[in-house]
Amino acid sequence: MKFYSLNHKAPNISFQKAVVNGIAPDRGLYFPEIITPLPANFYQNIEDYSNQEIAHELIKQFVGDEIPETDLKKIIEETLSFDFPLIEIEKDVFSLELFHGPTMAFKDVGARFMARCLSYFNKNKTNELTVLVATSGDTGGAVASGFLGVKGVQVVILYPSGKVSTVQEKQLTTLGKNIKALEVTGTFDDCQDMVKTAFLDKEITDKMQLTSANSINVARWLPQMFYFAFAYKQLKNKEKNIIFSIPSGNYGNICAGMMTKQLGLPIAHFVAATNANRVVPNYMETGNYEPMKSIQTISNAMDVGDPSNFIRIQKIYKNSFKVLKKDLSSYSFTDYETREAMLKIHNESNYIADPHGAVGYLGLKKYLNNRSNIQGIFLETAHPVKFLDIVEPVINKTIEFPPQIMQVIDKKKVALSIDNYEQLKEFLLK
Ligand SMILES: *Cc1c(COP(=O)(O)O)cnc(C)c1O
């Protein structure tokens, strides 16, 4: 399979190259040249397939022959070593729990898949590759865990000092080995700017092969398609219309859902639910896409002012606002509404949602209002323990640490503090 740059000023390249490069030389995002739907009977018989088989069917056309079938199946097997339960919390309202992986956020699947692809591509080479990534919280942990011990890959994670949760900080600063954490005096945007500058710095790129590990990378983005099919498999009633509400920040996850619809999964509608960062809700209202500076909220993984994957969504919908509008609604919610939703879900359904899942729930309920014959699924993208400081006071209850968190919470943090780009550069070049 070939991938092309959505800026159309770079050569078309293989899956392998797209994974290694991350972003095209013209700064465009890679997109597959062809998308071929799977046969209808695959979806009709989906309950007969294991999660690993479903994943393989969905992704194989994008990998092509660049990873042989047996190796690709092994990568998938290792990536998906945990469950994705679908829980009905109200009649026709389901939570798809994507937090049962090692770092308890949905980003585990993409990070684990990408790490194993890179490791496969690097298996006969001695070339070191450096994954450089900025995180507002969850990406760092998922990438650190996914890439831990992967041969030939060094990982450098930048995170904003004091702006990630305690659990998140432990997850990205305690693993050691090939994982290095840099604690940046500044905001997530500052971290992101430094990473972008490094990618364009010839003194660095002449010396080392850099790649990114955010949802810009096709190997992190595409495996997110699996979730939507796993949810469909678990639905008992497949006759009623199915809609998904996705708490969205960089819009990678929802865009993967739209890809599964392109592949034939019967999804009637998507809801992009978000916090005060309402670029996309505004766009769906007015047709004008106006990026803004990010606003800090309690659902901080969605504090994004210019979602990088939105351009892929526009591509899927042929750059037509009219066509997109048929499939997508988008709503924004305040922190106050998010806390109210967490409390309501806890009181009425005896279920604990994290702030991102609660935003997803709100989006779903808003869409379902006054509509009938629909069942809705919201993605629960992180375990509430990752946002303990926010969730506990709202529900007035202590959340116990699951084993994955117990493993890191008492470990010693190791991070190098940096204040500016020069220090990052010095660190990378030494
Ligand atoms: C990253 C993240 C999101 C946003 O996902 P996108 O693919 O960037 O839209 C939502 N919730 C949680 C918990 C996350 O970590």
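Cut-offs used in this document
- Residues numbered from 1 in each chain as written.
- Predicted model: local features only at pLDDT ≥ 70, side-chain atom pairs only at ≥ 80, totals over all residues.
- Heavy atoms only, no water.
- Helix = DSSP H or I, 4+ residues; strand = E, 2+ residues; numbered from the N terminus.
- Rg over C-alpha atoms; globule rule 2.2 N^0.38 Å.
- Buried < 20%, exposed > 50% of the residue type's maximum accessible area, 1.4 Å probe, protein only.
- Contact = heavy atoms within 4.5 Å.
- Areas by Shrake-Rupley, 256 points an atom, 1.4 Å probe, with all protein chains shown as cover.
- Lys, Arg positive; Asp, Glu negative; His and termini not counted.
- Charge placed at Lys NZ, Arg CZ, Asp CG, Glu CD.
- Pairing = 2+ DSSP bridges.
- Axes fitted to C-alpha atoms, helices over the stretch in contact; angles between N-to-C directions.
- Salt bridge = Lys/Arg side-chain N within 4 Å of Asp/Glu carboxyl O.
- Phe/Tyr/Trp six-rings, centres within 6.5 Å; stacked < 30°, edge-to-face > 60°.
- Polar contact = N/O pair within 3.5 Å; in protein donor to acceptor, adjacent residues only side chain to side chain.
- Right-handed = clockwise from strand over helix to strand, strands pointing away.
- 1 Å grid on protein atoms, 1.4 Å probe; cavity = no way out; pocket = protein on both sides within 12 Å on 5 of 7 lines; lining within 4 Å.
- Points joined across faces, edges and corners; volume = space filled by probe spheres on them.
- Nonpolar A, V, L, I, M, F, W, Y, C, P; charged D, E, K, R; others polar.

Some points on the overall build of the protein chain
For step 1, the next point in the chain: Helices and strands together make up the secondary structure of the protein chain, namely 20 helices and 14 strands.
For step 2, the next point in the chain: For 430 residues, the compact-globule estimate of 2.2 N^0.38 gives 22 Å, and the protein chain sits close to it at 20 Å.
For step 3, the next point in the chain: When the backbone C-alpha atoms are referred to their principal axes, the protein chain occupies close to 60 × 50 × 40 Å.
For step 4, the next point in the chain: Counting across all 430 residues of the protein chain, residues that qualify as buried make up 59%.
For step 5, the next point in the chain: Contacts in the protein chain between residues at least 24 apart in sequence constitute 75% of all its contacts with a sequence separation of at least 6.
For step 6, the next point in the chain: Per element, the accessible surface of the protein chain, about 17800 Å² overall, is 49% carbon and sulfur.
For step 7, the next point in the chain: Taking the average location of the 47 positive side-chain charges in the protein chain and that of its 47 negative ones, the two points are 4 Å from each other.

Quick notes on the pairing of strand S11 (residues 269–274)
For step 1, the next point in the chain: Where burial is concerned, most of S11 is hidden: six out of the six residues are buried.
For step 2, the next point in the chain: Of the strand pairs in this sheet, S11 and strand S12 (residues 328–332) are connected by five bridges, and their pairing is parallel. Along S12, the bridge assignment pairs Ala273 with Tyr331.

Section: the sheet that holds strand S6 (residues 129–134)
For step 1, the next point in the chain: An order of S9-S6-S7-S8-S14 is seen for the five strands of this open sheet, with the pairing classed as parallel. The two strands at the open ends of the sheet, each matched to only one other strand, are strand S9 (209–211) and strand S14 (416–418). Ignoring strand direction, the axes of neighbouring strands in this sheet form an average angle of 30°.

A few points about the pattern of salt bridges
If the charged atoms of two oppositely charged side chains come close together, the side chains can form a pair.
For step 1, the next point in the chain: This structure, assessed with the given rule, holds 18 salt bridges.
For step 2, the next point in the chain: Between Lys91 and Asp92 there is a salt bridge, and its shortest N-O distance comes to 3.4 Å.
For step 3, the next point in the chain: Taking relative accessible area as the criterion, Lys91 reaches 65% and is therefore assigned exposed.
For step 4, the next point in the chain: Residue Asp92 is classed as buried on the basis of its relative accessible area of 16%.
For step 5, the next point in the chain: Taken together, the salt bridges that share partners define one network made up of Glu90, Lys344, Glu348 and Lys365.

As for the environment of Ile179
For step 1, the next point in the chain: Relative to the elements of secondary structure, Ile179 occurs in strand S8 (residues 179–184).
For step 2, the next point in the chain: In this structure Ile179 touches Ala144, Phe147, Leu148, Val155, Ile157 and Leu172, once residues within four positions along its chain are discounted.

A look at the packing of aromatic side chains
For step 1, the next point in the chain: The full count for this structure, using the stated rule, is 19 aromatic pairs.
For step 2, the next point in the chain: Seen from their ring centres, Phe15 and Phe121 are 6.1 Å apart, and the 65° between their planes marks the pair as edge-to-face. In this pair, Phe15 is assigned in helix H1 (residues 15–21) and Phe121 in helix H5 (residues 107–121), connecting sequence segments 106 residues apart. Residue Phe15 shares its accessibility class with Phe121, and that shared class is buried.
For step 3, the next point in the chain: Ring centres of Tyr120 and Phe121 lie 5.9 Å apart, and the angle between their planes is 70°; this geometry places the pair in the edge-to-face category. Phe121 carries the same exposure label as Tyr120, and that label is buried.
For step 4, the next point in the chain: The structure contains a cluster of three or more aromatic residues connected by ring pairs, namely Phe82, Phe84, Phe106, Phe226, Tyr227 and Phe230.

Quick word on the environment of Arg112
For step 1, the next point in the chain: Along the polypeptide, Arg112 turns up in helix H5.
For step 2, the next point in the chain: Every residue in contact with Arg112, bar those within four places of it in the chain, is listed here: Glu78, Thr79, Ser81, Phe82, Pro102 and Gly146.
For step 3, the next point in the chain: At a separation of 3.1 Å, a polar atom in the side chain of Arg112 contacts the main-chain carbonyl oxygen of Thr79.

Notes on the pairing of S6
Every regular strand shows the same layout, with side chains that alternate between the two sheet faces.
For step 1, the next point in the chain: When you tally the buried positions in S6, you get six out of six residues, the bulk of the element.
For step 2, the next point in the chain: Strand direction decides the pairing type here: S6 and strand S7 (residues 153–160), joined by six bridges, are parallel. Each residue of the ladder has a partner; that of Val131, found in S7, is Val155.
For step 3, the next point in the chain: Crossover connection from S6 via helix H6 (residues 138–147) to parallel S7: handedness right-handed.

Digging into helix H11 (residues 225–234)
Since the α-helix advances by 3.6 residues per turn, residues separated by three or four positions end up pointing in the same direction.
For step 1, the next point in the chain: For H11, the tally of buried residues reaches eight of ten residues, placing the bulk of the element in the interior.
For step 2, the next point in the chain: Here H11 has its buried residues at Met225, Phe226, Tyr227, Phe228, Ala229, Phe230, Ala231 and Tyr232.

As for the layout of surface pockets
Over the atoms rolls a probe the size of a water molecule, and its path tells where empty space is left.
For step 1, the next point in the chain: Here the second largest pocket is characterised by a volume of approximately 430 Å³.
For step 2, the next point in the chain: If you trace the second largest pocket, you find 20 residues lining it, with Lys163, Gln296, Thr297, Asn300 and Asp303 closest to the centre.
For step 3, the next point in the chain: Looking at the lining of the second largest pocket, the elements that each hand over two or more residues are helix H8 (188–199) and helix H18 (388–395).
For step 4, the next point in the chain: Broken down by class, the residue content of the lining of the second largest pocket amounts to seven nonpolar, eight polar and five charged.

Remarks on the sheet that holds strand S3 (residues 30–32)
For step 1, the next point in the chain: Strand order across the open sheet formed by three strands is S2-S1-S3, with antiparallel pairing between neighbours. In this open sheet, the two strands that pair with only one neighbour each are strand S2 (13–14) and S3.
For step 2, the next point in the chain: For strand S1 (residues 2–5) and S3, the ladder comprises three bridges, and the chain directions are antiparallel. When the sheet's bridge partners are listed, Phe3 is paired in S3 with Pro32.

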